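Results of the structural survey
What follows is the residue order along each chain.
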2 protein chains.
Amino acid sequence: MTDSKPVGVALLGYGTVGEAVYRLLAENRHHFVQRIGGDIEVRGVAVNDASKPRDGVPAELLTDDAVGLVERDDVDIVVEVIGGIDYPREIVLKALQAGKSVVTANKALVAAHSAELAAAADEAGVDLYYEAAVAAAIPVLGPLRRSLAGDQVKSVMGIVNGTTNFILDAMESTGASYDEMLAEAMRLGYAEADPTADVEGHDAASKAAILASLAFHTRVSYDDVYCEGISHITAEDIEAAKTAGYVIKLLAICERIVDAEGVEKVSARVHPTLVPKDHPLASVKKSFNAIFVDAEAAGQLMFYGNGAGGNPTASAVLGDLVGAARNKVHGGRAPGESTYANLPLADFGEVPTRYHLDMEVNDRVGVLADVAQQFAQRGISLLTVRQEGSDNGARLVVVTHAAREADLADTAESLKSLDAVKSVNNVIRLEG
Amino acid sequence: MTDSKPVGVALLGYGTVGEAVYRLLAENRHHFVQRIGGDIEVRGVAVNDASKPRDGVPAELLTDDAVGLVERDDVDIVVEVIGGIDYPREIVLKALQAGKSVVTANKALVAAHSAELAAAADEAGVDLYYEAAVAAAIPVLGPLRRSLAGDQVKSVMGIVNGTTNFILDAMESTGASYDEMLAEAMRLGYAEADPTADVEGHDAASKAAILASLAFHTRVSYDDVYCEGISHITAEDIEAAKTAGYVIKLLAICERIVDAEGVEKVSARVHPTLVPKDHPLASVKKSFNAIFVDAEAAGQLMFYGNGAGGNPTASAVLGDLVGAARNKVHGGRAPGESTYANLPLADFGEVPTRYHLDMEVNDRVGVLADVAQQFAQRGISLLTVRQEGSDNGARLVVVTHAAREADLADTAESLKSLDAVKSVNNVIRLEG
């Protein structure tokens, strides 16, 4: 122990997560003191309106001067749970530059500005932790940074957004439409009033960027992630998937791939995905999250739990806080982001994917040949083809082997204009 | 970086795990150098017979003088993958006393002597890591030490022995007997020639001791763990469980309990357990491992993956090695075992458990009343009672609510001598 002064903490933000962090820190402080090897004390709580009382927080701790708070001499660690990007970026950078370690739960901030934040943390020799930014209480960033530091990660594939998993799971179990289940998710508090960030995959894309960066030691930002949401998924899509033995999940998929020239690249993408019913990710229900990691020596690992909520997020924030405080007391620094591998990022078009296509076709001789020809001329081989009669024509369901995404997208496009094809009802990628 | 000398490593043992550690370290050294922030070099490999060549290991690295190797000045970290207890204990203690950090995969050693080893590591201010000792590549000790350091763990419940899970799963899917599936496990290399440590639960008990110690910040040793294996489980037990909607798993269960006087205690036990079919642990097949953690703020978490094998174990060992090497280069120390909570250990008899009892009873008036009376007089309430006719009498299956283990065991014993009861075929505890 370098000295006996308590480790000083500044809490920025007092929403659901901030409140849980403050409360649990107060409740468990005696445990934390033991785990840290020294005392820990909240120096102030920065909020928009410091005159509004907050249950359980002494009035003298409340301040609307976040910058002033993080720069106080008796603050060692800054916990940022405000949300947003520009404002927390400014304060977090000031904190790091002032030599304070930072714990944040802010996925959007980290996914957009990790290079700048990591550089500032390195410059000051302090810790920058953000376990809560991905899948809340599920320890996955820690394991990627530390437990798997002796291994090579091949891919990370996860359900990292509880709102969309709730909606898709509810559609699956009730047969209801997307709009109905979105409304249900809002009613139950699983979706926000403006659900765009969740349902269009932006939230999952931030998490994909963070996971890919840590897994592959390569900088991947939010803008590098291909992103497709679930708002176009219909009850018919879910039904068709079910019939074929699949479940539709919104997956964040981060992979090392080898391109046509043999160059190793990193890919990160978010899109609705058909997952076989017996795949462990298929059984992740309601708003739960789960992350699959495939590593060269470890093989397949799965991490499962609550991916959101005040207490689960606070659990991850406090785990980071205890770690950062321990380092303040004992010296040392947590392993930071490493970008030594610096692999090139793959264009989405060159990533190998698999398609499940569901089409209405004319019921006449030669249709199958015409359709098959579209795949064959782009070198795409087919895993399964299922044709059955429908009211006016025939239904054709095709599952491909892996091929370049651009070739598959091109094929799907050209099928739409083929005489033999009346409509392409459903094109969903497939994994597992 | 404190200096530019490579971090020196002594590898003790060159069996399946040692070979994998050596090979993967050589293959991935360039990655590790980046992650550590400095170079890493194997100084020697201690084996029984140094004259026997080992594929890929330069002859000059081989030595049969393990003590001499660990005490060399250019050795900073000792990796122990010999197995056994007394001999590795002696060398690991010498290494710690000489100021070397230690990484071990040896669950029996840690479960038996963690107090002594932790004290020696603290004394010398060095790291003692053993992630591989529980569930190999599945990161669970790291998450307990670090990610959950801001939370309070309520229970840890896991499938931590691949051999027994393979046997039970094979019995379940084939209907075959224990002996047949044990033979099959041996044939496929999932069970050792002497399978005692696995099938009698000793291996799982070591892991339970380690998990309970870290989860509850209380010293739990192998001898403190109640331990019952699977060798008495019959095909009929599996079949009966299946009919009732359960799967039989060998679980390591670590809990905080509150005793009759309101005192908080720690309990760790290993026994065959009925798990409902829809519980996530029920779907853990073959030799896979999975660990459920229930924490106050985080809620339920699950960690799943390969719990054994050369490469998966080496993955965990190398993750620890990179962490220990990083601390040698950058300073700082990993959070060690903390035993500050020092909760009393519960007697197995006072732990709340639930029983599933399967009996043959006489088919006459009053039998159910006689049986029910046995439970009632000990204050045990029943969840379900199912009675059906059989060839010569009736079969009675009872599932209890939670009650003191001693009372349940006593009831089961007294039922055996009840006139109305012809035989008690199956008494298995139940969770979830």
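Each value, and the rule that gives it
Residues numbered from 1 in each chain as written. Chains lettered and ligands numbered in written order. Predicted model: local features only at pLDDT ≥ 70, side-chain atom pairs only at ≥ 80, totals over all residues. Heavy atoms only, no water. Pairing = 2+ DSSP bridges. Helix = DSSP H or I, 4+ residues; strand = E, 2+ residues; numbered from the N terminus. Contact = heavy atoms within 4.5 Å. Buried area = accessible area lost by both parts, 1.4 Å probe. Salt bridge = Lys/Arg side-chain N within 4 Å of Asp/Glu carboxyl O. Polar contact = N/O pair within 3.5 Å; in protein donor to acceptor, adjacent residues only side chain to side chain. Nonpolar A, V, L, I, M, F, W, Y, C, P; charged D, E, K, R; others polar. Buried < 20%, exposed > 50% of the residue type's maximum accessible area, 1.4 Å probe, protein only. Domains from an automatic or database assignment. Least-squares fit on C-alpha atoms with pLDDT ≥ 70 in both. UniProt positions renumbered as here; feature names shortened; annotations may be inferred. Patch = residues over 30% accessible without salt bridge, like charges linked within 9 Å, V, L, I, M, F, W, Y side chains within 5 Å. Areas by Shrake-Rupley, 256 points an atom, 1.4 Å probe, with all protein chains shown as cover. Lys, Arg positive; Asp, Glu negative; His and termini not counted. Charge placed at Lys NZ, Arg CZ, Asp CG, Glu CD. Arc of directions from axis to C-beta. Disulfide = S-S within 2.5 Å.

**Brief notes about the sheet that holds strand E3 (residues 62-63) of chain A**
All names here are of chain A. In space, the six strands of this open sheet follow the order E3-E2-E1-E4-E5-E6, with parallel pairing throughout. The two strands at the open ends of the sheet, each matched to only one other strand, are E3 and strand E6 (128-129). When strand E5 (residues 101-104) meets E6, the two strands line up parallel, connected through two bridges. Looking across to E6, one finds that Val102 is bridged to Leu128.

**Looking at the interface of chain B and chain A**
The interface is formed by 42 residues belonging to chain B together with 42 residues belonging to chain A. Carbon and sulfur atoms make up 54% of the surface buried where chain B meets chain A, a total of about 3,700 Å² over both sides. At the junction of chain B and chain A, the tally comes to zero salt bridges. On the surface where chain B and chain A come into contact, there are 22 residue pairs in polar contact (both at pLDDT 80 or more). Only helix H1 (16-36), helix H5 (141-147), strand E12 (299-306) and helix H11 (310-330) of chain B provide two or more residues apiece to the side of chain B that touches chain A. Of all the elements, E12 of chain B adds the most residues to the side of chain B that touches chain A, at eight residues. Taken together, the residues of the side of chain B that touches chain A sort by class into 20 nonpolar, 17 polar and five charged. Sheet analysis places strand E12 (residues 299-306) of chain A next to E12 of chain B, joined by three bridges and oriented antiparallel. Bridge pairing in E12 of chain B links Tyr304 of chain A to Met302 of chain B.

**Let's talk about the pattern of salt bridges**
The final tally for this structure, using the stated rule, is 52 salt bridges over all chains. A salt bridge links Arg256 of chain B to Glu264 of chain B, with the shortest nitrogen-to-oxygen separation between them at 3.0 Å. The exposure class of Arg256 of chain B is partly exposed, given its relative accessible area of 22%. A relative accessible area of 34% places Glu264 of chain B in the partly exposed class. The shortest N-O distance in the salt bridge between Arg378 of chain B and Asp410 of chain B comes to 2.8 Å. Taken together, the residues span a long stretch of sequence, with Arg378 of chain B in the loop between helix H12 (367-376) and strand E15 (382-390) and Asp410 of chain B in helix H13 (residues 405-416) at a distance of 32 residues. Each of the salt bridges in this network shares a partner with another, and the network as a whole consists of Arg29, Asp39, Glu41, Arg43, Arg72 and Asp74 of chain A.

**With respect to the environment of Ala183 of chain B**
Within the secondary structure, Ala183 of chain B is located in helix H7 (residues 178-187). Judged by its relative accessible area of 41%, Ala183 of chain B falls in the partly exposed class.

**Quick notes on the side chain of Asn426 of chain A**
All names here are of chain A. One can find Asn426 in strand E18 (residues 421-430). Note on Asn426: relative accessible area 4%, which makes it buried. At 2.6 Å, the side chain of Asn426 and the side chain of Asp237 are in polar contact. When near neighbours in sequence (up to four residues on either side) are disregarded, Asn426 contacts Asp237, His356, Leu357 and Asp358.

**Let's talk about the domain arrangement of chain A**
When the parts come together, some accessible area is lost, and that loss is often what is quoted as the size of the interface. Residue and element names in this part refer to chain A. Domain annotation for chain A reports domain 1 (7-136 + 310-330), domain 2 (141-306) and domain 3 (351-430). Computed from C-alpha coordinates alone, the two centres of domain 2 and domain 3 are separated by 25 Å. In this complex, domain 2 contributes 17 residues to the contact, which on the side of domain 3 involves 12 residues. At the boundary of domain 2 and domain 3, one finds one salt bridge. A salt bridge links Glu228 to Arg429, with the nearest nitrogen and oxygen atoms 3.0 Å apart. Broken down by secondary-structure element, the contributors of at least two residues to the side of domain 2 that touches domain 3 are helix H10 (235-243), strand E9 (246-258) and strand E10 (264-276). Among the elements that make up the side of domain 2 that touches domain 3, the one with the highest residue count is E10 (six residues). Its residues assigned to classes, the side of domain 2 that touches domain 3 comprises nine nonpolar, four polar and four charged.

**Let's talk about the relation of the copies chain B and chain A**
Screw-axis analysis of chain B against chain A gives a translation of 0.0 Å along the axis, an RMSD of 0.1 Å, and a rotation angle of 180°. What we have between these two chains is a two-fold relation. Residue Gly332 of chain B, judged by its C-alpha, is the member of chain B lying nearest the rotation axis, at 1.9 Å. Both copies contact each other with a shared surface, as 100% of the interface residues of chain B are interface residues in chain A too.

**Quick word on the UniProt feature "active site" (unreviewed entry) in chain A**
All names here are of chain A. Per the UniProt record, "active site" (unreviewed entry) is annotated on Lys207. If you trace the backbone, Lys207 turns up in helix H9 (residues 202-216). Accessibility expressed as a relative area gives 5% for Lys207, which makes it buried. If we ignore the near neighbours within four places in the chain, the residues touching Lys207 are Lys107, Ala133, Val134, Ala135 and Val160.

**Here's the deal with a negative patch on the surface**
All names here are of chain A. On the surface, Asp49, Asp64, Asp65 and Glu71 cluster together to form a negatively charged patch. Positionally, Asp49 belongs in the loop between strand E2 (40-46) and E3. Given the relative accessible area of 35%, Asp49 is considered partly exposed.

**Observations regarding the pairing of strand E16 (residues 393-400) of chain B**
Residue and element names in this part refer to chain B. Of all the eight residues making up E16, seven are buried; the element is thus mostly covered by neighbouring parts of the structure. Where E15 lies against E16, eight bridges are found, and the strand directions are antiparallel. Directly across from Thr384, in E16, lies its bridge partner Val399.

**Description of helix H12 (residues 367-376) of chain A**
Residues and elements named next belong to chain A. Residues Val367, Val371, Gln374 and Phe375 constitute the buried set of H12. Buried residues of H12 fall within an arc of 100° about the axis and therefore sit on the same side. The secondary structure elements touched by the buried residues of H12 are strand E14 (355-361), strand E15 (382-390), strand E16 (393-400), helix H13 (405-416) and E18.

**Observations regarding unusual backbone geometry**
Residue and element names in this part refer to chain B. Positive phi outside glycine occurs at Ala135, with the angle close to 60°. Checked against the element boundaries, Ala135 lands in the loop between strand E6 (128-129) and H5. Owing to a relative accessible area of 0%, Ala135 belongs among the buried residues under this scheme. Its identity as a non-glycine residue notwithstanding, Asn342 has a phi of 45°, on the positive side. Taking the relative accessible area as the measure of exposure, Asn342 reaches 57% and is therefore exposed.

**Here we look at the state of the cysteines**
Among covalent bonds in proteins, the disulfide is the one between the sulfur atoms of two cysteines. All names here are of chain A. One pass over the structure, following the stated rule, counts zero disulfides over all chains. Cys227 takes part in no disulfide bond, and the closest cysteine sulfur, belonging to Cys254, lies 12 Å away. The partly exposed category is assigned to Cys227, whose relative accessible area is 29%.

**Overview of the UniProt feature "binding site: NADPH" (unreviewed entry) in chain A**
All names here are of chain A. Under the feature "binding site: NADPH" (unreviewed entry), the UniProt entry names Lys107. Its place among the elements puts Lys107 in helix H4 (residues 107-124). Looking at Lys107, the relative accessible area reads 25%, which means it is partly exposed.

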